[in-house]
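# Residue-level structural notes
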Amino acid sequence: MFEIKNVSKQYNGEFALNNISFSIAKGMNFIVGASGSGKTTLLKIISGMEQDFDGEAYYCGKSVKQLTPSEKSYYYNNIFGFIWQDFNLLEDLSVLDNVLLPQYLKNNQSRKNAESILKDLKISDLAQQKVKYLSGGQKQRVAIARELMKNPRVIIADEPTSALDEKTAKVTMDILKAISKKRTVIVVTHNTHFIDHTSNVISLDKGELVTSPQEVVTTTESLKYDQRHSLSVKNAFALTKSTIRSKWGRFGVSALTLMVAGVLCLTTVSGAIGDSSQGEFDKLIDTYGEGLKDISVVGSFMSAGGTDGKQEEKPNANVTQNIGGLYAKYVDDKRVDFIAFSQAFNDIKVTMNGKEFSIPSTGSAPVINKLVAGKMPTDKANEVVVPDGFVQTLGISNEQAIGKEIHFSSKIYNWDTGEPVLKDASITATIVGVADTTVYYEYEGKVSEYSVTDSFFFSKVALDDLRRQAEMKNENINFTIRAKTPADMISIKDELNEAGIVPLGRFELVEDIVRLNAQTIEQSGSANAIIGILSVVIVIAIFLITGFMRTREFAIYKVSGFRNLHLGLLNLTERMTETVTAILVMLIASPLINVATKGLFSINLFHSNLLFTGVPLIALVAVAAYFTTTIAILNTHTIKALKTGDR
Ligand SMILES: Nc1ncnc2c1ncn2[C@@H]1O[C@H](COP(=O)(O)OP(=O)(O)OP(=O)(O)O)[C@@H](O)[C@H]1O
C-alpha cells in the first residue's frame, strides 16, 4: 500500500530522515525509535501533511507529493483516519456530534452507523455526553470511533497511548490491533511492549532506518477517487447550529460585537453627533421664534450709521438702496424657505361668505413667525396667507380656512411724494395658508412677545394689483427672506452685502451659532471618524483573537477532510447567523440604545430610517469579521495546531 523510496527530510541542514526506503502492507505497523529519531516526520510524509521532502512516497501507486488540496481532503475524509496522543476532539460537542463530524461532507449522514461503531467500542451510553467530561481512555475511543466513521483504509496513530494509563493504553492498543485485521494501521509509539510478532516494525535511529518490515509489498490496491465530497449549505448550517449550541457564549459575544460595531458605525455614518449642536440653534428658535432666520430686504431705512453689526438696532438715519430684481433672484433659491412681502395695510376689512370683518390696525409691517396651516402663496394666482387670529374670529379651524375666498379691502400708504398719502385698494383672493404672527423680542434681558394681528401676505400678482390701485409707482416692494438654515441665512446675507445691499436681521446672534456649529461639526467629524474606525478595529481584533483561538478546531476539521473552501462556507454561515442575531438584537434593543446614545452623544440614534441603515452596517461589519476569520482559517497549519505531544 505504502511505498517509501529514498526519502530524506532536512530541517535547518540537519537530517530528520536520511534516505529511507520501505513498504507497508495491511495489518499492524509500528514506527518506533528514540525521541527525535524522525518518527513524526515520517508519519507526516506518509499522510501527505508534509509534501516537501526528497525521494518519493506512494500510497496505492499515487505519489503523496502530488496530492492536490482537494485530493488530500478527500483522502482525509475517506481513506486516512488519524488518532492522536491528545485525542483532538471538539471538547464542547457531544460524543455523537464529534463522531459525526466527517459525515458532514457526505450527503447522507449515517447516524445508525455512528451508533453501531459507538456500541462496538463500548461507549454507546456516552453518545450524548460532552467530550470534555470524559476520561482519557473514553476520549481516545471517541476519537477512534470518529475515524472509523470515515471507513478508512488506513489508520495513522501518533503516540495514541502516551496520555493514557497502562490499562487504558492496552485497551486502546487492542482496539487498534482489532482494526488492523481489516485495515492498515500505522502506530508511532515509544511503548515497544505493545509490539507482538504479528506486527511490522519500522525502527528509526537518528533519521536512519534500522529495521523495516520483512515482507516486501509487490501488489498495490487500486484507488478510486470519484466519490462526491462537498459541504452542502444545509450541512454547513447544521454544523453551525451544533457549534453555536456548544459555544453559545462565544456566539453571543460575536453577535454582540457585530451589533455594537454596527451601531457605532451608524453614529458615524448618520453624522448624528454633529447634528447635536443643532440643538443649540433649536433652543434659540424656541426663544426667538422662526423669524430668527429672516432677512429683511428693504428699499430704504433709517440707519444708526453703517453696518458695524448693529443692524438689528432701531435705525435713525436715511439709507436708500436698489432692491429691484432681488425677489426674482431669491424666490427659487435652494437656501430659501419662503419669501414674504412686507406690505403693511391699514383699515383692513375682510368679507367672507357675505360677512364683513374689521381687522384692527397695529401700525406694524406684517410678521410671520411660522405657517401653521397650508403653504405660502405662489405667483400663479391671487393667493393670500392670513393671520391665525383672523381665522379664530371666523370660528373655523386653520385647515378649514384653506381654500376659502375672501374679499380684502384696505388703505395703503403711498410715499411716492415723500409724504404718506392713504389710498384705497381691494382684491379677491384665496386663502392658501394660515400664519402664526407672533413677534418675539428681548427687552432688558427678558424675552417678550406680541402678535401682529393684521399680517396678510399676498402673492406677488395680488400685491402688484393692490399697489397699482394705490397708484404706487415704486415697484420695489420690501420683502423678507426666510432662510432654511442658520448657515443659509449667513450665506445669503454675505451675498447681499457683496452686492452692496444692507439686509436687516439678527445676524450677530445667528453668526455665533453658525460658527459654533461649524466648529462642532469639524470636531464631531473627527470624533465620528475615530469612532467608526475604532469599531471596525475592535471587530477585526475580536474576530482575529477568536479566529486564532480556534485554529485547533479548524485543524480538526481539516484532518476530518474539510478544505479551506468548506471552512469558508462554514465561516459564512456562522457570520450570517451572527449577523441576523445582531440585527434582531439591535431592533429589539433600539429603545435602550437610544437612551445610551442620548446620554453619550445627546442624540436619538434610532429615528425614522436610521434604524434600517443599521442593518446593512451590521452586515458590512460582519464582512470584516468574515475576512478576519478567513485569515485564521488560512493560517491554520494542521500539524502545528494538533501536535502537542513531545514537542
Ligand atoms: N518543524 C521542524 N523544524 C525544525 N526541526 C524539526 C521540525 N520537525 C522536526 N524537527 C527535527 O527533526 C528531528 C525529528 O523530529 P521528529 O519529530 O520527527 O522526531 P520524533 O521521533 O517524532 O520525536 P518525538 O518522539 O520526540 O516526537 C528532530 O531533531 C526535530 O528537532
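Residues numbered from 1 in each chain as written. Predicted model: local features only at pLDDT ≥ 70, side-chain atom pairs only at ≥ 80, totals over all residues.

The name given to the protein chain in an unreviewed UniProt entry is ATP-binding cassette domain-containing protein, and the organism recorded there is Cohnella soli.

## A few points about the overall build of the protein chain
Each helix and strand in the protein chain was counted, giving 20 helices and 24 strands. Summarising the internal contacts of the protein chain: among those between residues at least 6 apart in sequence, 78% fall at separations of at least 24. (Helix = DSSP H or I, 4+ residues; strand = E, 2+ residues; numbered from the N terminus. Contact = placed C-beta atoms within 7 Å.)

## Concerning unusual backbone geometry
Phi at N12 takes a positive value of approximately 50°, unusual for a residue other than glycine. Structurally, the position occupied by N12 is in the loop between strand 1 (2–11) and strand 2 (14–24). With a phi close to 60°, K122 is a non-glycine residue in the positive phi region.

## Here's the deal with the nonpolar core
Formed by 82 residues in total, the largest nonpolar core has its most connected members in I31, V99, A145, I156, A157 and I186. Filtering out sequence-adjacent residues up to four positions away, I31 remains in contact with K39, L42, L43, I186, V188, I202 and L204. Of all hydrophobic cores here, the second largest spans 50 residues; its members include A340, I368, F390 and I406. (Core = buried A, V, L, I, M, F, W, Y, C linked by C-beta atoms within 7 Å. Buried ≥ 20, exposed ≤ 12 C-beta atoms within 10 Å, placed from the backbone.)

## So, the sheet that holds strand 24 (residues 479–483)
The strand order 11-24-14 describes an open sheet built from 3 strands, whose pairing is antiparallel. Of all the strands in the sheet, the pair left with one neighbour each is strand 11 (294–297) and strand 14 (336–341). Sheet twist, expressed as the average angle between the axes of neighbouring strands with direction ignored, equals 20°. Here strand 11 runs beside strand 24; their pairing, made up of 4 bridges, is antiparallel. (Pairing = 2+ DSSP bridges. Axes fitted to C-alpha atoms, helices over the stretch in contact; angles between N-to-C directions.)

## What about the pairing of strand 10 (residues 208–211)?
In terms of strand pairing, strand 9 (residues 200–205) meets strand 10 through 3 bridges, oriented antiparallel. Along strand 10, the bridge assignment pairs L204 with L209. From the end of strand 9 to the start of strand 10, which pair antiparallel, there are 2 residues, and K206 there has a positive phi angle of about 45°.

## A word on the UniProt feature "transmembrane region" (unreviewed entry) in the protein chain
UniProt annotation of "transmembrane region" (unreviewed entry) refers to residues 251–273, 529–549, 579–597 and 609–634 when read in the numbering used here. A helix fraction of 100% and a strand fraction of 0% characterise residues 529–549, whose end C-alpha atoms lie 30 Å from each other. (UniProt positions renumbered as here; feature names shortened; annotations may be inferred.)

## Here's the deal with helix 19 (residues 610–634)
With 25 residues, helix 19 extends 36 Å from end C-alpha to end C-alpha; this agrees with the ideal 36 Å at 1.5 Å per step. Taken together, the buried positions of helix 19 are occupied by G614, L617, I618, V621, A622, A625, T628, T629, A632 and I633. (Expected span 1.5 Å × (residues − 1).)

## Examining the environment of F15
Within the secondary structure, F15 sits in strand 2. Note: C-alpha distance between F15 and G38 (23 residues apart in sequence) is 8.8 Å. The contact partners of F15, leaving out residues within four places of it in the chain, are S8, Q10 and G207.

## Let's talk about the environment of A622
Tracing the chain through its elements places A622 in helix 19. A622 sits in the buried class, given 27 other C-beta atoms within 10 Å. Note: C-alpha distance between A622 and V536 (86 residues apart in sequence) is 9.6 Å. Beyond its immediate sequence surroundings of up to four residues, A622 is in contact with L258, R575, E578 and T579.

## A word on the sheet that holds strand 5 (residues 62–63)
Pairing in this open sheet of 4 strands is antiparallel, and the strands run 2-1-4-5 from one edge to the other. Only two strands of the sheet have a single neighbouring strand rather than two, namely strand 2 and strand 5. Both strand 1 and strand 4 (residues 54–59) contribute to a ladder of 5 bridges, which runs antiparallel. Bridged to F2 within strand 4 is Y59.

## Digging into the confidence of the model for the protein chain
When pLDDT is averaged along the protein chain, the result is 86, and 89% of the positions lie at 70 or above. Mean pLDDT values for the elements of the protein chain range from 53 in helix 9 (residues 272–275) up to 96 in strand 18 (residues 383–387). For this predicted complex, the interface confidence reaches an ipTM of 0.97, while the overall pTM sits at 0.66. (pLDDT = per-residue confidence, 0-100.)

## With respect to the packing of helix 5 (residues 136–148) against helix 6 (residues 166–179)
At a closest axis distance of 9 Å, the pairing of helix 5 and helix 6 adopts a crossing angle of 15°. Judged on the interaxial angle alone, helix 6 and helix 5 are roughly parallel. Crossing of helix 5 against helix 6: the hand is right-handed. When helix 5 is examined against helix 6, the residues G136, G137, Q140 and I144 are found in contact with a partner set consisting of T168, V171, T172 and I175. (Parallel < 35°, antiparallel > 145°, perpendicular 65-115°, else oblique. Left-handed = near helix turned anticlockwise from the far one by under 90°.)

## Quick word on the environment of M259
Here M259 shows up in helix 8 (residues 248–270). On the basis of neighbour count, M259 is assigned to the buried category, with 24 C-beta atoms found within 10 Å. Considering only alpha carbons, one finds M259 and G614, 355 residues apart in sequence, at a separation of 8.8 Å.

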